[in-house]
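Commentary on secondary and tertiary structure
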Amino acid sequence: MGLHDRLSRQGDGGTLTVLTPATSQGQRVERDVSTDPYADLKARIHHQCIAKLGPELFNSDSAKDIGEQVYRAVTEELALDRTPLTREERREIVRQLTDDILGYGPIEPLLRDDSVSEVMVNSYDQVYVERGGKLEKTDVRFVDDSHVMRIIDKIVSQIGRRVDEASPMVDARLPDGSRVNAIIPPLALRGPTLTIRKFSRDPYTINDLITFGTLSARSAQFLAACVKGKLNILISGGTGTGKTTTLNAMSAFIPGDERIVTIEDAAELQLQQEHVITLESRPSNIEGTGEIKIRELVRNALRMRPDRIIVGEVRGAET
């Protein structure tokens, strides 16, 4: 990279500000070129590390061990490469490559950020987050659509799901329980789109909802009586209005000696009771067979001697 490029490079996601020659009116024209000057370097180091570590990425005894191996491999390969880098640039590239190999690439820091409740990848160069109920555009960007697809494939393959042109929509979850939705071309016209609703490590209780002003103490007492009285309860509302949060909070009123069966598209309920059986629906395989719908799981749950059946989402025959 030349001196001009280094001086003109801005710190917002690798944006270059290019100054074109003066016009006839004596004005200079600024032109933004949104590109990562280290994209080729990172791709090269990434492939070298994958080839070097190979099966060890999947056979390591602990996450800590594999994390140290990846960090060491990335650092060594970067040291062998002759691309001139400052100490800060080198540290940032090592972090990005480690996140890409071990985690979920550019969005990994967002997933670690407790203040972020949702991550929305609209396209490879447009990533939004939700903080405190407000949407914010971030400086995070992927290299290209293929980079986004690689992260989507990594997420869905962990739970035996797939996403391709024949099955361009998928619901999945991260190991921590965060809910994931991905939709790709031809349905998504601007490229692969990824939405992640983060899993709350410490679920809200009814007392929390009362403190927030979501409901009153009398309402909470009424809901507790409904749950203990085994009434049928339907929780409805728009996206992000707190349906799952309310359901998790209300589930605390279920006595601990009852057998509970939960049925969901993507498991995200956080019940505190000990006697809980979690069922999850399954999409069809690549041959178009093997699909298990929520309706079938509800019917099967009736044969499992449940005291309670909790269906995470109802939108069809299961109702």
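Rules behind the numbers
Residues numbered from 1 in each chain as written. Predicted model: local features only at pLDDT ≥ 70, side-chain atom pairs only at ≥ 80, totals over all residues. Heavy atoms only, no water. Helix = DSSP H or I, 4+ residues; strand = E, 2+ residues; numbered from the N terminus. Contact = heavy atoms within 4.5 Å. Axes fitted to C-alpha atoms, helices over the stretch in contact; angles between N-to-C directions. Parallel < 35°, antiparallel > 145°, perpendicular 65-115°, else oblique. Nonpolar A, V, L, I, M, F, W, Y, C, P; charged D, E, K, R; others polar. Pairing = 2+ DSSP bridges. Buried < 20%, exposed > 50% of the residue type's maximum accessible area, 1.4 Å probe, protein only. Salt bridge = Lys/Arg side-chain N within 4 Å of Asp/Glu carboxyl O. pLDDT = per-residue confidence, 0-100. Polar contact = N/O pair within 3.5 Å; in protein donor to acceptor, adjacent residues only side chain to side chain. Expected span 1.5 Å × (residues − 1). Arc of directions from axis to C-beta.

1. A closer look at the overall build of the chain
Assigned secondary structure in the chain consists of eleven helices and eleven strands. Considering only contacts in the chain between residues 6 or more positions apart, those separated by 24 or more positions represent 45%.

2. Considering the packing of helix 5 (residues 87-102) against helix 7 (residues 145-157)
Helix 7 packs onto helix 5 with a crossing angle of 45° between their chain directions and a minimal axis gap of 10 Å. It follows that helix 5 is oblique to helix 7 by the angle criterion. Within the contact between the two elements, helix 5 uses D100, I101 and L102 and helix 7 uses H147, R150, I151 and K154. Per-class residue counts for the contact of helix 5 with helix 7 are three nonpolar, one polar and three charged.

3. Quick look at the sheet that holds strand 4 (residues 126-131)
Taken in spatial order, the six strands of this open sheet run 5-4-3-8-7-6, and their pairing is antiparallel. Looking at which strands have only one partner, the edges of the open sheet turn out to be strand 5 (134-137) and strand 6 (169-173). Going across the sheet, the axis of each strand differs from the next one's by a mean of 15°, ignoring polarity. Relative to strand 8 (residues 193-197), strand 7 (residues 179-183) is paired through five bridges, and the arrangement is antiparallel.

4. Section: unusual backbone geometry
Backbone phi values are negative for most residues with the exception of glycine, while trans is the configuration of most peptide bonds. Note that the residue after P185, namely P186, is joined by a cis bond; omega there is 10°. For P186, the location among the structural elements is in the loop between strand 7 and strand 8. Although it is not a glycine, K230 adopts a positive phi angle of roughly 60°. Position of K230 among the secondary structure elements: in the loop between helix 9 (217-228) and helix 10 (243-250). Owing to a relative accessible area of 46%, K230 belongs among the partly exposed residues under this scheme.

5. Description of the pattern of salt bridges
Tallying each qualifying case throughout the model produces 13 salt bridges. For E92, the salt bridge goes to R95, with nearest N and O atoms at 2.5 Å. Of this pair, E92 and R95 both sit in helix 5, three residues apart, which is roughly one turn of that helix. E92 gets classed as partly exposed once you look at its relative accessible area, which sits at 29%.

6. Description of the pairing of strand 6
Successive side chains on a regular strand alternate, one facing one side of the sheet and the next facing the other. Every second residue of strand 6 is oriented toward a common face, the buried set being V170 and A172 and the non-buried set M169, D171 and R173. The pairing of strand 6 with strand 7 spans five bridges and is classified as antiparallel. When the sheet's bridge partners are listed, D171 is paired in strand 7 with N181. Joining the antiparallel neighbours strand 6 and strand 7 is a turn of five residues, in which G177 adopts a positive phi near 100°.

7. Details of helix 10
Listed as buried for helix 10 are L247, N248, A249 and M250. Those residues of helix 10 that are buried are in contact with helix 8 (206-212), helix 9 and strand 11 (308-311).

8. Side note on the confidence of the model for the chain
Mean pLDDT over the chain stands at 80; residues scoring 70 or higher make up 84%. Under a pLDDT of 50 for its full length, residues 10-34 has, in the predicted model, 39 contacts with residues more than four places off or in other chains.

9. Some words on the environment of R305
Its place among the elements puts R305 in the loop between helix 11 (294-301) and strand 11. Residue classification places R305 among the exposed positions, given a relative accessible area of 57%. Separated by 44 residues in sequence, R305 and V261 place their C-alpha atoms 9.1 Å apart. At 2.9 Å, the side chain of R305 forms a polar contact with the side chain of D307.

10. Considering helix 9
Between its first and last C-alpha, helix 9 extends 17 Å over twelve residues, near the 16 Å set by a 1.5 Å rise per residue. All of the buried residues in helix 9 are A220, L223, A224, C226 and V227. Seen end-on, helix 9 carries its buried residues on one side only, within an arc spanning 160°. Among the exposed residues of helix 9, those pointing more than 90 degrees away from its buried face are R218, Q221, F222 and K228. Tucked into the core, helix 9 has its buried residues touching helix 8, helix 10 and strand 11. Where helix 9 terminates, the next one or two residues include K230, which has phi positive at roughly 60°.

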